[in-house]
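What follows is each chain in one-letter form.
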Amino acid sequence: MAYGILKAAGILGGLGLLGIAGWSVAIDWHPATKQYPLQGIDLGENPGEIEWGTVRARGADFAYLVATSGADRRDPGFEANWAALPDAGLRRGAVHIYSLCQAAGDQANAFNAFVPRSADALPTAVDVSFHDDCTARPERAVLVGELQRFVRMVETHTRKPVMLRIAKPVESTYQLSAAIDRPTWAIANVFAPTYAARPWRMWRASDFRHIDGIEGPVNWDVVAP
């Protein structure tokens with residue numbers, strides 16, 4: 001009886017160690033740099049304190065930061081992080097979180113007023129996802145027209161093409177990548193995404209990677225070769 005209990009405990013312990021080892025591999029995984037030489041991170045809102053030099057040392061070439069959300073939210077850490085990235089040797093890009101509940105013109109004005117035009121900046125990304133705080137689901141033609149207006153206004157400010165970061169549920173509902181001729185940033189853990197109508201320019205390959213310099217998991221991205 002005692003031997004059986006000890007044997008079972010040993011098996012469970014071994015499985016636990018295997019699970020820990022597997023998780024350690026998973027949180028360090030990223031697509032091969034030989035296939036995707038340019039890799040980096042994108043951060044959500046209010047990311048906290050970041051050690052950018054350490055992030056660069058861990059293989060990130062660039063960082064995308066949320067600047068604005070909708071027409072009325074500015075990320076409080078954006079300006080400090082935006083200023084710190086060049087000194088750390090990282091290229092920088094800004095993200096706008098698009099709201100289906102607010103006018104595109106108001107959102108573009110909010111972004112343009114907050115994010116400075118920078119010659120070294122990567123193309124602005126507009127994130128189009130469904131959010132719990134907005135239940136609006138406009139007609140496809142209306143959303144496409146509004147997004148096109150947002151894109152025109154932001155491109156006039158930045159003088160660079162906008163990139164569309166489209167979540168799979170939004171793409172399934174609206175087919176935005178087919179309607180708006182701009183580079184696409186797609187999202188899918190581990191396996192390269194195929195849900196957009198055009199080849200992706202950027203791929204968020206993991207939302208669970210852990211790296212030194214940032215507390216908690218980060219979004220790890222690669223650029224199409």
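Quick summary incoming for the structure in this document. (Residues numbered from 1 in each chain as written. Predicted model: local features only at pLDDT ≥ 70, side-chain atom pairs only at ≥ 80, totals over all residues. Heavy atoms only, no water.)

**Regarding the side chain of S206**
- Secondary-structure assignment places S206 in strand β8 (residues 200-209).
- The exposure class assigned to S206 is buried, which follows from its relative accessible area of 1%. (Helix = DSSP H or I, 4+ residues; strand = E, 2+ residues; numbered from the N terminus. Buried < 20%, exposed > 50% of the residue type's maximum accessible area, 1.4 Å probe, protein only.)

**Details of the packing of aromatic side chains**
- Scanning the entire structure with this criterion turns up 8 aromatic pairs.
- The interplanar angle of 55° and the centroid separation of 5.6 Å between the aromatic rings of W200 and W203 together place this pair among those described as tilted.
- Taken together, the ring pairs connect Y36, W200 and W203 into an aromatic cluster.
- Cation over ring: R165 sits above W185, and NZ or CZ is 4.6 Å from the ring centre. (Phe/Tyr/Trp six-rings, centres within 6.5 Å; stacked < 30°, edge-to-face > 60°. Lys NZ or Arg CZ within 6 Å of the ring centre and 35° of its normal.)

**A look at the pairing of strand β7 (residues 184-187)**
- Examined bridge by bridge, strand β6 (residues 163-166) and β7 share 2 bridges and lie parallel to one another. Its bridge partner lying in β7, R165 is registered against W185. (Pairing = 2+ DSSP bridges.)

**Quick word on the pattern of salt bridges**
- Within this structure, the stated rule accounts for 11 salt bridges.
- One salt bridge in this structure joins D42 and R165, with 3.1 Å as the shortest N-O distance. With D42 in strand β1 (residues 39-42) and R165 in strand β6, this pair connects stretches of sequence that are 123 residues apart.
- Take D42: its relative accessible area is 2%, and that puts it in the buried class.
- Judged by relative accessible area, which is 4%, R165 ranks as buried.
- The partner of D133 in a salt bridge is R73, and the shortest N-O contact between them spans 4.0 Å. Of this pair, D133 sits in the loop between β5 (125-128) and α5 (140-158) while R73 sits in strand β3 (residues 73-74), and the two are 60 residues apart along the sequence.
- A single network of salt bridges, built from pairs that share partners, joins D42, D127, R165 and R204. (Salt bridge = Lys/Arg side-chain N within 4 Å of Asp/Glu carboxyl O.)

**Re the state of the cysteines**
- Using the criterion set out here, one finds 1 disulfide in the structure.
- There is a disulfide in this structure between C101 and C134, and the S-S distance comes to 2.0 Å. Looking along the S-S bond of the C101-C134 disulfide, the torsion reads about 100°, which is the right-handed sense. Taken together, the positions of C101 in the loop between β4 (91-97) and α4 (104-114) and C134 in the loop between β5 and α5 put the pair 33 residues apart, joining distant regions of the chain. (Disulfide = S-S within 2.5 Å.)

**Quick word on the environment of V222**
- Summarising the element assignment, V222 is placed in strand β9 (residues 218-223).
- On a C-alpha basis, the gap between V222 and A32 in space is 9.5 Å, while along the polypeptide they are 190 residues apart.
- Every residue in contact with V222, bar those within four places of it in the chain, is listed here: P31, Y36, L38, Q39, W200, R201, M202 and W203. (Contact = heavy atoms within 4.5 Å.)

**Structural notes on the nonpolar core**
- Judged by nonpolar contacts, the single largest core of 44 residues is most densely connected at I41, W52, V55, F78, Y98, L176 and I214.
- Looking at which element gives the most residues to this core, the answer is α5, with 6 residues.
- The residues touching W52, leaving out its near neighbours within four places in the chain, are I41, L43, A63, L65, N81, A84, L85, A88 and L90.
- Membership of the second largest hydrophobic core comes to 11 residues, among which are I97, L122, A125 and M202. (Core = buried A, V, L, I, M, F, W, Y, C linked by side-chain atoms within 4.5 Å.)

**Quick word on unusual backbone geometry**
- In this structure, R159 takes a positive phi of about 65° despite not being glycine.
- On the secondary structure map, R159 appears in the loop between α5 and β6.
- Accessibility expressed as a relative area gives 63% for R159, which makes it exposed.
- Located in the positive-phi region is Q175, a residue other than glycine, with phi close to 50°.
- Inspection of the secondary structure puts Q175 in the loop between α6 (168-174) and α7 (176-179).
- What makes Q175 partly exposed here is its relative accessible area of 35%.

**Re α4**
- Most of α4 is tucked away: 8 of the 11 residues are buried.
- Looking at α4, one finds that the buried residues are A104, G105, Q107, A108, A110, F111, N112 and F114.
- For α4, the secondary structure elements touched by its buried residues are β2 (62-69), β3, α3 (78-84), β4 and α5.

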